[in-house]
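# Working through the structure, step by step
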Amino acid sequence: MRLKLSRDYTAGRHRDASRLRDLGSVPDLQLVSEPDTALLSLIKVSSRSQTLDEEEVLEQLAGVEGGAPGIITPETAPQQGVEVVVRREMCDLVQFMDRVPGQLEITTHHLFFLASERRDGHSWVTGNFKVRLDQLREIHSRRFNMQRTAIEIFLTDQTNYFINFSSSKVVTKVYNSIASLRTPNLTRVGIRKPARLLQSSGLTQRWVKREISNFDYLMHLNNIAGRTYNDLNQYPVFPWVLVDFESEELDLTDPGVFRDFTKPVGSQNPVIEQTVRERYKEFDDPTMGKFHFGSHYSNAAGVLHYLIRLEPFTSLHIDLQSGRFDHADRQFFSIASSWSTIYNTGTDVKELIPEFFYLPDFLKNINDYDLGKLQSGDRLGDVILPKWAATPEDFIATHRGALECDYVSSQLHHWIDLVFGYKQTGPEAEKATNVFNYYSYEDNVNLEKIEDEGERRQIESIINNFGQTPTQLFTEPHPQRMTSLEAWRSVVRGYGKKSSCNLLEHLDNVKTHCVDVSGEEDPVVFVGTPTIQTRALIASGNPEQLVTVTISGRLNIHGWLPFSSTKSRPFTFQFDSNAHFDRSRWQTVAGPFSQDLPVSHNLFILSPNNKLLVTCGHWDNSFRVFSIERSKLLARIEHHEGILTRGST
């Protein structure tokens, strides 16, 4: 689902959780104060438009099938254009640590989920929903409890749903039913194995060539390997990057401030690594097998540990702790302390989550929860930051910079080998002290073949408590990322191939052609052409648009083609018909610019199709959206405290 930060309207319940932690019991207390109750009622009313209740869904699925309410079937809908059922399957909607049982309906126009029971306890639990088929963007195969029985649906508005079915055969039927409808925006259906899906995507090659960032690549790997925000037992996993949290300033050119990416996080300390190796040789459980670490680097408890200060994770933490906050010394209160526990004890092997690289809010106790007192007597509040970070925002920016720096870029492939690659299992995992609980690996579990219900539940409990290793994506060593210089050279050399299109190799043959579109008193500061070329227009000879903006804000739309039938110049250029007429016919970008800011190309962004122009640098701290086709100001957005000095896509 699409998570949003929101105010906590049930703080009364969390005060009870603090009291339970401290006293062991709670007398008769009002769980929600009167003002909060009023707010909650307003929230329930306002959120009703975002979900469908049972009656509304049945209206959408109106029809008769065997005398009972249902969707119209092909047999009962001979008339053209009527919405027809394609498939109906029982399923569970998976949300964080909850499963909402219900039914998925696939029709010729929509997907419907109708919950079979209401969940009123938590506001974040989605009930019924309806999705138009043209909103479907991607569908991926997913595991649930280590079984390939689920799918995750991604929509064009960034919403997503995780749905689990009774068996893998049902998943295949659902896939085929949706694929047969030929929805217009569905670009990827992940029926193929994740490793093949990654290979066909070309993402690894793009990362090696520095075309995408380290953060983006890790997010893609997590997604393809089945990690998801919808299931806390399969949350995206990111590496600890730094080991220096005590210095006043952080030197990212010093390799000594980084962790060893060739080793799991639990083996960073050489003394502990040796202990782990010796224990592995001696330990051999007939049921669980050998493993280096009894816990896992990613599980639901670890995610809640990091995100305890944000809802809905605060409430989920309280539920996991039987209605109370955990003791303060076991909670996440200091980044330096967390790393010290990992490095010095060997009992905690948690890696990080993506929020450490983009979300400062999880480091703040914005709801002022009573998280308890440490043994030192200090009360828990905001997370204690490293000395080199002044604010949570400063920490996130510096930490993200560390992830993207040259040293991490040169070493990150080793960590990928451990978590997603060839060192995940087998002899290479043993050498790297990277073996975890037997049931944390997908190939070791097949719940569909376990007939004994008690044994099945026991294994499911182990999976949920110990964690799940991501799906293996690589069986060979992951390639190392190019340095910045190597990436630049590969571009210059045309990636090792002869290329007549490489401008830097043909500078002697470059000729310039000048076109005057404005005078010296009002020079042009911005020129833009479509980045999405309309091949049909080029083939027909009809010109594309070339947009120019002058220092005074005058907008001209010229005709442009990158070829010409004449020898005078190798392109076609048609002047804007308004460019040479009187000033009353000129178009101008709406709104005056700040007098203290030089007007330059940095203040303008042209949409890829040349239909919209975004401008900044205005006196009122706004940025504005201008329609080129309609010559009209569409929007003025004021959300900044200062003047915007640069725009970027």
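What comes next is a walk through the structure. Note on numbering: residues in each chain are counted from 1, in written sequence order. Restriction of local features to residues with pLDDT of at least 70 applies here, the model being predicted, together with a cutoff of 80 or more for giving and counting side-chain atom pairs; totals for whole chains, interfaces and linings are based on all residues. For side-chain calculations, the full set of non-hydrogen atoms in the structure is used, while hydrogens and water are omitted.

Here we come to the overall build of the protein. The helix and strand labels rest on DSSP assignments: H or I over at least four residues marks a helix, E over at least two residues marks a strand, and numbering proceeds from the N terminus. Regarding its fold elements, the protein presents 17 helices and 19 strands. Relative to its full complement of 649 residues, the protein shows a buried share of 47%. Only heavy atoms matter for contacts: two residues are in contact if any of them lie within 4.5 Å across the pair. Of all intrachain contacts in the protein linking residues separated by at least 6 positions in sequence, the fraction that spans at least 24 positions is 59%. When accessible area is computed with a 1.4 Å probe and restricted to protein chains, residues below 20% of their type maximum are described as buried, those above 50% as exposed, and intermediate ones as partly exposed.

Tracing the sequence through the fold places Thr-391 in the loop between helix H11 (335-345) and helix H12 (392-404). A C-alpha to C-alpha distance of 9.8 Å links Thr-391 and Lys-364, two positions 27 residues apart in sequence.

So, on to empty space enclosed by the protein. Over the atoms, a rolled probe matching the size of one water molecule traces out where space is still vacant. A cavity here means a set of points on a 1 Å grid, drawn over the protein atoms and nothing else, where a 1.4 Å probe fits but cannot get out; a pocket is an open set with protein on both sides within 12 Å along at least five of seven lines, and a residue lines either one if it has an atom within 4 Å of a point. Grid points are joined across faces, edges and corners, and a volume is the space filled by probe spheres set on the points. Taken as a whole and assessed by the stated rule, the structure comprises three cavities of 30 Å³ or more. Each pocket or cavity is described by its volume, and for the largest cavity that value is around 70 Å³. Polarity classes work like this: nonpolar for Ala, Val, Leu, Ile, Met, Phe, Trp, Tyr, Cys and Pro, charged for Asp, Glu, Lys and Arg, and polar for all others, with Gly in that last group. A class-by-class count of the residues in the lining of the largest cavity yields eight nonpolar, three polar and two charged.

This next bit is on the layout of surface pockets. Taken as a whole, the second largest pocket encloses approximately 870 Å³ of empty space. Considering the residues around the second largest pocket, the lining is formed by 34 residues, among which Lys-193, Pro-194, Ala-195, Thr-471 and Gln-472 are closest to the centre. Only strand S7 (136-144), helix H4 (168-180), helix H5 (194-201) and helix H6 (203-208) provide two or more residues apiece to the lining of the second largest pocket. No other element matches the five residues that H5 contributes to the lining of the second largest pocket.

All right, on to H4 then. In this model H4 runs 19 Å from its N-terminal to its C-terminal C-alpha over 13 residues, within 8% of the 18 Å that 1.5 Å per residue would give. Buried within H4 we find Val-170, Val-171, Val-174, Tyr-175, Ser-177 and Ile-178. The buried residues of H4 all sit within an arc of 165° when viewed along its axis, so they share a single face. Arg-182 lies just past H4 and shows a positive phi near 50°. To estimate how far a helix should reach, multiply one less than its number of residues by 1.5 Å. It is the directions from the helix axis to the C-beta atoms that the arc portrays.

Another aspect to go through is the pairing of strand S5 (residues 110-115). Of all six residues making up S5, six are buried, and the element is well covered by its neighbours. Going residue by residue along S5, you find His-110, Phe-112 and Leu-114 tucked away on one face and Leu-111, Phe-113 and Ala-115 tucked away on the opposite face as well. Between any two strands, pairing holds if DSSP finds at least two bridges. Relative to S5, strand S4 (residues 98-107) runs antiparallel, the two sharing five bridges. Residue pairing across strands places Ile-106 opposite Leu-111, the latter belonging to S5. Counting the residues that bridge the hairpin from S4 to S5 gives two residues. Pairing between S5 and strand S6 (residues 129-132): four bridges, direction antiparallel. Looking across to S6, one finds that Phe-112 is bridged to Lys-130.

Right, let's talk about the packing of aromatic side chains for a bit. Stacked, edge-to-face and tilted are the three classes for Phe, Tyr and Trp ring pairs, Trp counted by its six-membered ring, which pair at centre distances within 6.5 Å; planes under 30 degrees apart are stacked, over 60 edge-to-face, the rest tilted. Counted according to the given criterion, the structure contains 29 aromatic pairs. Considering the side-chain rings of Trp-207 and Tyr-217, the 5.0 Å spacing of their centres and the 15° angle between planes classify their relative orientation as stacked. Separated by 10 residues along the polypeptide, Trp-207 in helix H6 and Tyr-217 in helix H7 (residues 214-224) bring together distant segments of the chain. Accessibility classification places Trp-207 together with Tyr-217 in one group, the buried group. Measuring from centroid to centroid gives 5.6 Å for Phe-526 and Phe-604, while their planes differ by 40°, and the two rings are tilted.

Any functional reading would require information that these geometric values do not contain.
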